[in-house]
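Now for the letters of each chain:
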Amino acid sequence: MSDRWLVAWGLGSVAFGGASLLIPLYIVQLGASPVQLGLLAATAAAVGAPGAIAFGRAADRVDRRRLLVLATLAGVAGSLAAIPFLRSITAVIAANAVLWLLVSSIGPVLTMLVVDDAPESAWSERIGLVNSYQGYGWAGGLVLGTVWPVVGSRLLAAGAVTRALFWLLAACAAVSAILAARTLPRPAPSAHVTGDRAARRIGRLLATSSRGVKGATFALSPARLYWTTRGIDPRRLATRFDPALTTYFVAGLFFFTGSAAFWAPLPLFLTDLGFDSGRVFACYLASSLGSAACYGAAGRLSARVDDRILQSGTLAVRAVLFPAVLAVAGLGTAAFGTAGLLLGGIGITWAGIAVVGTAIVTRLAPPAARGELLGAYVALGAIGGGIGGVLGGWAATASYAVAFAVAGGLVLVGAVLVAALVALSSGDGKAASAASVPDSVPAGTVEEPPTD
């Protein structure tokens, strides 16, 4: 199979990465409240799961796959081109939901495209390859958003800079659609990977792989959610939870919700500090790159250090860093650099949480149910992301101090629950846990929905 189409998909991912922060900043310019920012994040998270299921089912027919990919790229191009003409915050929230419905839904289809016509032994490499193109494209969108205000302000009137960035990102998606139409593979129906066994294998690969640049920015990966929850029987799954695993899942709900609650009002907070859009993009890029750079180290550290201490300690640091961002407000000219450092540190903590969390679930789960429980853990992240987006926006209506304190408090509760799991400090199962965590990380595959 030719990999030329991955170049087209990487270009499309530039549009996705730029849009992930540009749209929140745009509704801030329109006068959005913290609650509206929370709704923007929550709706983007909420549409991903049902969309991925619908697209995944539709893609079971090989002849639909090219059409679904092309429709996604064309739809993203159209959405980004239209949003600058919208002056209603509600309309922008709706358009953003449509855009992320398309972007989130296409994940399972891409997975099918890369594993079709490939031996099972090559699936991990193929999935890592598409993640690389997608991840670096996503990061390119954040870089473009960082430099465009400087470049655009020299070429255009002040009021046209943001609109022009929307249209530039739309052009990336449109060109990507044209290139994809010429290069997307056409696998024969006989090459299509089907069956519950294949689905479980793909789900395990996705659930245990670490995230890269995009995953540091966008926690819920609907592709992971689709594959890792496909075929789960809730009644059978409920019997798999023992007290230790139940406690860890409760802890996960706290720290996933708290993390999303922090990111929801953050664009408005940074804008109120006086940061222009380029600086806000730079802060988010620092967080994303901090995570991406540390996934491999987190995997190696998890193989050597007590999971309970490592996970609870990382969560505790994150809980402190969330409210610490408030201190940036009083630093004057040093505010931007300090914000970048703090958000970079928050990104590093996510690398530890994501990698060690997967190892803990793998270790605590019964061997026969590991795949299902990893899928349930991915779904837990989606639930926490949706709840946290609304909660963070609502709390910020009181003040940013309240919102960030609530976010940090929820993560700290998660840290305390993990610290109480003495079972994690036993040697049993450590080898299985370590074996599930790769020490090299393919770049790219939603930490927290359009957030971390």
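Above: the structure in question.
Fair warning: this is a prediction, and the values are worked out from it, not measured in the lab.

Draft legend 1. Main features of the packing of helix α1 (residues 4-29) against helix α3 (residues 65-82). For the pair α1 and α3, interaxial distance at closest approach is 11 Å and the crossing angle is 40 degrees. In this view, α1 runs oblique relative to α3, as classed from their interaxial angle. Judged by the twist between their axes, the crossing of α1 over α3 is left-handed. Note on element contacts: α3 touches α1 through Val69, Leu73, Val76 and Leu80, opposite Trp9, Gly12, Ala15, Phe16, Ala19 and Ile23.

Draft legend 2. Structural detail: helix α17 (residues 400-419). The terminal C-alpha atoms of α17, which comprises 20 residues, lie 28 Å apart, in line with the 28 Å expected from a rise of 1.5 Å per residue. Buried within α17 we find Tyr400, Ala403, Phe404, Ala407, Gly408, Leu410, Val411, Gly414, Ala415 and Val418. Take α17 and look down its axis: the buried residues cluster within an arc of 150 degrees, on one side only.

Draft legend 3. Representation of the nonpolar core. Formed by 120 residues in total, the largest nonpolar core has its most connected members in Leu80, Phe262 and Leu266. For this core, the leading source of residues is α1, giving 15 residues. Each of domain 1 (1-185 + 193-231) and domain 2 (233-427) accounts for three or more of the residues forming this core. In this structure, Phe262 is in contact with Phe322, Val325, Leu343, Ile346, Phe404 and Ala407, ignoring residues within four places of it in sequence.

Draft legend 4. Expanded view of the side chain of Gln134. Its place among the elements puts Gln134 in helix α6 (residues 123-155). By relative accessible area, Gln134 is classed as buried at 11%. In this structure the side chain of Gln134 is engaged in a polar contact, spanning 2.7 Å, whose partner is the side chain of Trp9.

Draft legend 5. Up close: the pattern of salt bridges. Tallying each qualifying case throughout the model produces one salt bridge. A salt bridge links Asp307 to Arg363, with the nearest nitrogen and oxygen atoms 3.6 Å apart. Placement of the pair is Asp307 in helix α14 (residues 307-324) and Arg363 in helix α15 (residues 335-364), with a sequence separation of 56 residues.

Scoring rules and cut-offs
- Residues numbered from 1 in each chain as written.
- Predicted model: local features only at pLDDT ≥ 70, side-chain atom pairs only at ≥ 80, totals over all residues.
- Heavy atoms only, no water.
- Axes fitted to C-alpha atoms, helices over the stretch in contact; angles between N-to-C directions.
- Helix = DSSP H or I, 4+ residues; strand = E, 2+ residues; numbered from the N terminus.
- Parallel < 35°, antiparallel > 145°, perpendicular 65-115°, else oblique.
- Left-handed = near helix turned anticlockwise from the far one by under 90°.
- Contact = heavy atoms within 4.5 Å.
- Expected span 1.5 Å × (residues − 1).
- Buried < 20%, exposed > 50% of the residue type's maximum accessible area, 1.4 Å probe, protein only.
- Arc of directions from axis to C-beta.
- Core = buried A, V, L, I, M, F, W, Y, C linked by side-chain atoms within 4.5 Å.
- Domains from an automatic or database assignment.
- Polar contact = N/O pair within 3.5 Å; in protein donor to acceptor, adjacent residues only side chain to side chain.
- Salt bridge = Lys/Arg side-chain N within 4 Å of Asp/Glu carboxyl O.

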